[in-house]
Amino acid sequence: MDRRKVLIGGGALALAGAGAVYAGAAGMGSADDYAAATARMRAALPAHPRLRDLIRQATLAPNGHNTQPWRFGLSGDRIVIRPDFARRTPVVDPDDHHLFVSLGAAAENLALASAAAGRPGELAFDPAGGGAISFAPGGTRPIGSALADAIPRRQSTRADYDGRPVGAADLRLLAAAAILPGVDVTLITDRPGIDRVRDLVVAGNGEQMADPAFLRELKAWLRYNPRQALATGDGLYSAASGNPILPAWLGPHAFDWFVTAASENDKYARQLRSSAGVAVFTGQRADPAHWVLVGRACQRFALQATALGLRQAFVNQPVEVARLRPALAALVGLPGRRPDIVMRFGHGAALPWSPRRPVERVMAG
């Protein structure tokens, strides 16, 4: 679930200027066209939504490296979400933990959007069916919510925040939104606690940045300009992390030249210093069924944050690097458990949206 912000240094900013000139010849796409396309992806539900409109809302869920590892199928009035293992990330997510968390987040979007459209129903996880999640709409009375309204506006905002604290009433709303049986949520808002999380994030990031396999996998999902991002409809778009756009041929070289463990560690330390707090989500068991529940809980948290005008982003290095999990579990008072998701939150400005594949490309054949 961690969508990495690629830090490109001052030298690369000069290259970005050269890249803008190059765009006129080879074409990197227009930022305005990109903004219009992503706005269509995130349009609110129509007055009388079809099932495919509900699926579009589901695809707006967060997911690791923006791989969108899901396939949707229709069976009568029932929607089924199946894992798409062709889009797994085996280096950063070897046991498909993040994949199933992503499915849970998509399922929560689906349930909230369907209820708001007057088709509330129940979600069911089927471990015997390859980890599929089914949703059967049942009612006819719209059940709107601030969380459903926030689905098109939620983003993982991978930038500095402004350091302002979040008030006690809003913290209570955030915690309440994330309550689901089978999941524990811990909010850390004291500075010493946030600093301890920071140290774990930096330690995990240092290990990952020293792993050539991790870097190869990450680079495979980077999209450096609007045209590239819209063509694939997936991956980590540079501008969505506040970075300059570059020609596709130049982006990988800029990454190799300027992205270092030190620069990334400095960035994460700064971002955590600017955050109002950190939320840690821990399933009561370490299995796909509970990972789906964690995905639902962290998505509800993110949507409530969005409804309150807050930003949030994943900093999952302490759960991705296995040796760091016990220290994080001890920090949140759950020794012996496996923490699942780490999310920082606070006040800040929005960034460009990440792309999504159109519904027809995520439907099972």
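What counts, and at which threshold
Residues numbered from 1 in each chain as written. Predicted model: local features only at pLDDT ≥ 70, side-chain atom pairs only at ≥ 80, totals over all residues. Heavy atoms only, no water. Helix = DSSP H or I, 4+ residues; strand = E, 2+ residues; numbered from the N terminus. Contact = heavy atoms within 4.5 Å. Pairing = 2+ DSSP bridges. Axes fitted to C-alpha atoms, helices over the stretch in contact; angles between N-to-C directions. Expected span 1.5 Å × (residues − 1). Buried < 20%, exposed > 50% of the residue type's maximum accessible area, 1.4 Å probe, protein only. Phe/Tyr/Trp six-rings, centres within 6.5 Å; stacked < 30°, edge-to-face > 60°. Lys NZ or Arg CZ within 6 Å of the ring centre and 35° of its normal. Core = buried A, V, L, I, M, F, W, Y, C linked by side-chain atoms within 4.5 Å. Salt bridge = Lys/Arg side-chain N within 4 Å of Asp/Glu carboxyl O.

Asker: How should I be thinking about the environment of Gly-235 in this particular structure?
Answerer: With respect to the helices and strands, the residue Gly-235 is situated in the loop between helix H9 (226-232) and strand S7 (236-237). As for Gly-235 and Ala-220, which are separated by 15 residues in sequence, their C-alpha atoms are 8.4 Å apart. Once you skip the residues sitting within four places of it in the chain, Gly-235 turns out to touch His-65, Asn-66, Trp-221, Arg-223 and Pro-355.

Asker: What should I look at first to understand the sheet that holds strand S2 (residues 78-83) in this one?
Answerer: For sheets, the rule is that strands pair by backbone hydrogen bonds, running either parallel or antiparallel. In space, the four strands of this open sheet follow the order S1-S2-S4-S3, with antiparallel pairing throughout. Unpaired on one side and paired on the other, strand S1 (70-75) and strand S3 (121-126) mark the two borders of the sheet. Adjacent strand axes in the sheet meet at a mean angle of 20°, parallel and antiparallel pairs treated alike. The pairing of S1 with S2 spans six bridges and is antiparallel. By the bridge assignment for S2, Trp-70 is matched with Pro-83.

Asker: For this particular structure, what's the right way to read helix H12 (residues 288-307)?
Answerer: For an α-helix, the turn length of 3.6 residues means that residues three or four places apart are oriented alike. Its 20 residues give H12 an end-to-end C-alpha distance of 28 Å, which sits within 8% of 28 Å, the value for a rise of 1.5 Å per residue. Positioned one or two residues after H12, Gly-309 has a phi angle of 80°, which is positive.

Asker: Sorry, what's going on with the environment of Leu-334 here?
Answerer: Residue placement: Leu-334 occurs in the loop between helix H14 (325-331) and strand S10 (341-346). Owing to a relative accessible area of 16%, Leu-334 belongs among the buried residues under this scheme. Separated by 50 residues in sequence, Leu-334 and Gln-284 have C-alpha atoms that sit 9.8 Å apart. Not counting the four nearest positions on each side in its chain, Leu-334 is found in contact with Asp-184, Thr-282 and Ala-329.

Asker: Is there a simple way to think about the sheet that holds S10 in this case?
Answerer: With antiparallel pairing, the four strands of this open sheet are ordered in space as S5-S8-S10-S9. Looking at the sheet topology across the chains shown, the edges are occupied by strand S5 (183-188) and strand S9 (311-314). Ignoring strand direction, the axes of neighbouring strands in this sheet form an average angle of 25°. Of the strand pairs in this sheet, S9 and S10 are connected by four bridges, and their pairing is antiparallel. Among the inter-strand pairings, Ala-313 is bridged to a residue of S10, identified as Arg-344.

Asker: Just to check I follow, could you spell out the side chain of Gln-68 for this structure?
Answerer: As for its position among the elements, Gln-68 is in the loop between helix H3 (51-58) and S1. With near-sequence residues (within four places) excluded, Gln-68 lies in contact with Asn-63, Arg-87, Gly-233, Asp-234, Pro-355, Arg-356 and Arg-357.

Asker: Sorry, what's going on with the packing of aromatic side chains here?
Answerer: Aromatic ring pairs: the centre-centre distance and the angle between the two ring planes describe each pair. Considering all chains together, one arrives at seven aromatic pairs under this definition. On the basis of an interplanar angle of 40° and a centroid distance of 4.4 Å, the ring pair of Tyr-34 and Tyr-237 is categorised as tilted. Here Tyr-237 lies in strand S7 and Tyr-34 lies in helix H2 (residues 31-41), a separation of 203 residues in the sequence. Of the residues examined, Tyr-237 reaches a relative accessible area of 3% and is grouped as buried. Taken together, a centroid distance of 6.4 Å and an interplanar angle of 65° make the contact between Phe-85 and Phe-100 edge-to-face. Here Phe-85, found in the loop between S2 and helix H4 (97-116), pairs with Phe-100, found in helix H4; they are 15 residues apart in sequence, far enough to count as distant. Connected via pairs of aromatic rings, a cluster forms that spans Phe-85, Phe-100 and Phe-125. Cation over ring: Lys-267 sits above Tyr-268, and NZ or CZ is 4.0 Å from the ring centre. Sitting over the ring of Tyr-161, Arg-344 keeps its end group 4.2 Å from the ring centre.

Asker: Hey, could you run me through H4 in this one?
Answerer: The terminal C-alpha atoms of H4 lie 29 Å apart, and with 20 residues this matches the ideal 28 Å at 1.5 Å per residue to within 8%. Across the 20 residues that make up H4, a large majority, 19, are buried. In the stretch just after H4, Gly-118 is the one whose phi turns positive, near 85°.

Asker: Looking at this structure, how should I read the nonpolar core?
Answerer: For soluble globular proteins, the rule of thumb is that nonpolar side chains tend to be buried together. Trp-70, Phe-72, Ile-81, Phe-281 and Phe-301 are the most contacted members of the largest nonpolar core, which totals 53 residues. Once residues within four sequence positions are removed from consideration, Ile-81 is found in contact with Trp-70, Arg-71, Phe-72, Leu-103, Ala-106, Ala-107, Leu-110, Gly-131, Ala-132 and Ile-133. Counting 18 residues, the second-largest nonpolar core is a separate cluster that includes Ile-188, Val-201, Val-278 and Val-280.

Asker: What should I look at first to understand the environment of Ala-261 in this one?
Answerer: In this fold, Ala-261 is placed in helix H11 (residues 261-273). Ala-261 sits in the partly exposed class, given a relative accessible area of 28%. When the C-alpha positions of Ala-261 and Gln-208 are compared, they lie 8.5 Å apart, and in sequence the two are 53 residues distant. Residue contacts for Ala-261: discarding those within four places in its chain leaves Asn-205 and Met-209.

Asker: I would appreciate a short explanation of the pattern of salt bridges in the present structure.
Answerer: A pair can form between side chains of opposite charge whenever their charged atoms are brought close. Throughout the structure, instances matching the rule amount to 18 salt bridges. Between Arg-198 and Asp-195 there is a salt bridge, with the nearest N and O atoms lying 3.4 Å from each other. Taken together, the residues span about one helical turn, with Arg-198 and Asp-195 both in helix H7 (residues 191-209) at a distance of three residues. A salt bridge links Asp-287 to Arg-285, with the shortest nitrogen-to-oxygen separation between them at 3.5 Å. Relative accessible area serves as the criterion here: at 55%, Arg-285 is assigned to the exposed category. What you see here is one network of salt bridges that share partners, running through Arg-87, Arg-223 and Asp-234.

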